[in-house]
Amino acid sequence: MTKMMVNFQYKNDGEMYCEDVPLSSLTEKFGTPLYVYSSSSLKQNYLDLYEAYKEINPLICFSVKANSNIHILKKLVDLGSGLDIVSEGELYRALKAGCPPEKIVFAGVGKKTSEIEKALESNIKMFNVESYPELARINDIAKRMNTKAPVCLRVNPDVDPKTHRYITTGKKENKFGLDFELAIDIFKKSRTMDHIDLQGIHCHVGSQITEVSPFFKALEAVKGFLEQLASEGFEIPVFNFGGGIGITYKDERPQKPKEIAKQLLPCLKNLNVKEFIFEPGRYIAGNSGVLVTQVQYIKKSPPKTFVIVDSAMNDLLRPSLYQAYHHVVALKKHSQKLKADIVGPICESADAFTVEREIDLVEQNDHVVILSAGAYAFSMASNYNTRPRAAEVLVDGENYELIRRRETYEDLIAQEIIS
Ligand code: LLP
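Analysis parameters
- Residues numbered from 1 in each chain as written.
- Predicted model: local features only at pLDDT ≥ 70, side-chain atom pairs only at ≥ 80, totals over all residues.
- Heavy atoms only, no water.
- Buried < 20%, exposed > 50% of the residue type's maximum accessible area, 1.4 Å probe, protein only.
- Helix = DSSP H or I, 4+ residues; strand = E, 2+ residues; numbered from the N terminus.
- Arc of directions from axis to C-beta.
- Near = heavy atom within 4 Å.
- Polar contact = N/O pair within 3.5 Å; in protein donor to acceptor, adjacent residues only side chain to side chain.
- Areas by Shrake-Rupley, 256 points an atom, 1.4 Å probe, with all protein chains shown as cover.
- Domains from an automatic or database assignment.
- Phe/Tyr/Trp six-rings, centres within 6.5 Å; stacked < 30°, edge-to-face > 60°.
- Lys NZ or Arg CZ within 6 Å of the ring centre and 35° of its normal.

I'd like a rundown of helix 5 (residues 113-121), residues and numbers included.
Where helix 5 is concerned, the buried positions are Glu115, Ile116, Ala119 and Leu120. Buried residues of helix 5 fall within an arc of 130° about the axis and therefore sit on the same side. Positive backbone phi, at 60°, marks Asn123, one or two positions downstream of helix 5.

Provide a residue-level description of the site of the ligand, including the pertinent values.
Around the ligand sit 19 residues in total, of which Ser207, Glu279, Arg282, Arg318 and Tyr376 are the nearest. The separation between an oxygen atom of the ligand and a polar main-chain atom of Gly281 is 2.9 Å. Between an oxygen atom of the ligand and a side-chain N or O atom of Tyr376, the distance comes to 2.6 Å. Protein coverage of the free-state accessible area of the ligand, which is 590 Å², stands at 92%. Counting only domains with at least three residues in the shell around the ligand, you end up with domain 1 (8-38 + 286-413) and domain 2 (107-280).

Outline the packing of aromatic side chains, supporting the account with residue identities and numerical values.
What the rule picks out here adds up to 11 aromatic pairs. Note on Phe215 and Phe241: the rings are 6.0 Å apart at their centroids and 75° apart in plane angle, and the pair reads as edge-to-face. Of this pair, Phe215 sits in helix 8 (residues 213-231) while Phe241 is found in the loop between strand 11 (238-240) and helix 9 (257-269), placing the two residues 26 residues apart along the sequence. With relative accessibility at 5%, the residue Phe241 sits in the buried group. Each member of the aromatic cluster is reached from another via a ring pair, and the members are Phe180, Phe187, Phe225 and Phe234. A cation over an aromatic ring shows up here: Lys111 above the ring of Phe106, its NZ or CZ 5.5 Å from the ring centre. Here the guanidinium or amino end of Lys189 rests over the ring plane of Tyr132, the centre of that ring lying 4.5 Å away.

As structure tokens, then:
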């Protein structure tokens, strides 16, 4: 059942392990809720992507928003990864993780002046620009700083990525990118912007994409656009194809990077650009992590059974926010089943990980493991209900390291001014 999570498996003793470490030894030591990540998975997934596109010498920039733990970022940076950031906060993390600035790309629709200044000061590789006023602001700031800003313009090819509407980004009605007509206009206007070095185009159509066709359609559209740009005399050395590769949460059978690359490479090579950037987040981290939680109570209130656990929507928001499916299993294998809602202690009805789902039979104090929690999980956590955020552990073979300690109540009130 955990086929999609190769490094999280039950071993002969009937317990789930991360690589060679039993999850029960980690809960004993660090308590719950606990995020556990597999070093091998992170590495393998990064390499899968890199290898798939090796012949075009890709710069893989891991999307920091998917998992922002500095230790994990550093691990990927050490493998050669760059980083895709969307805020000054993520820039701060990226630099702390030791990412060479020339491998940092900065996206997002709302970059503030201070963020642009900091990024220019840090000499990042480039800005992915989403609107004309943003480009004009960058030009002004670069002028004031007596420098030239490297830029990719983000286009919106109006492609349906066939994913959840909340994580669709490349359709006309989304706030992201620019339609081609506007984009060409901006390219022309940029001729008079002496402090902008417009190097390329960026295109990210959505997340959790499980088929090749949306990528392919986007690429075809981009190809046409690049030809139009060439006819206007613009030389475009860089193409950033964003992220978006989907993973298995339930029974999706997403195409693997190698299969995707096989179909896209001929078109990519035809684009006549020199440099390719990719910004994967979920593919690298999603199935590299789990959230382990402990059953507090079983509440039978006919017609329902509620399994009340000690993690909640503040730890993992995806099920509440997107009705996203996360597979849940008992830490100690159990063949009997129970139909239940697994819910957290937060005072919201949306605080549920499963609703009327057949799950492994569990009892009070047992542990359950919520799978596919390596991406958009801890990074979207909050302190709602004044709940300290969980601890995070990284496993490597039979070794493990605490890579973020559990928050304390002191941490939680540290910013508040008590007079
Ligand atoms: N590049 C850009 C410009 C993006 O907006 C994103 C994700 C990525 C790269 C990385 O995409 P990935 O490879 O991870 O699909 N919180 C949502 C996902 C939001 C994705 C936002 N953008 C979730 O939990 O499903």
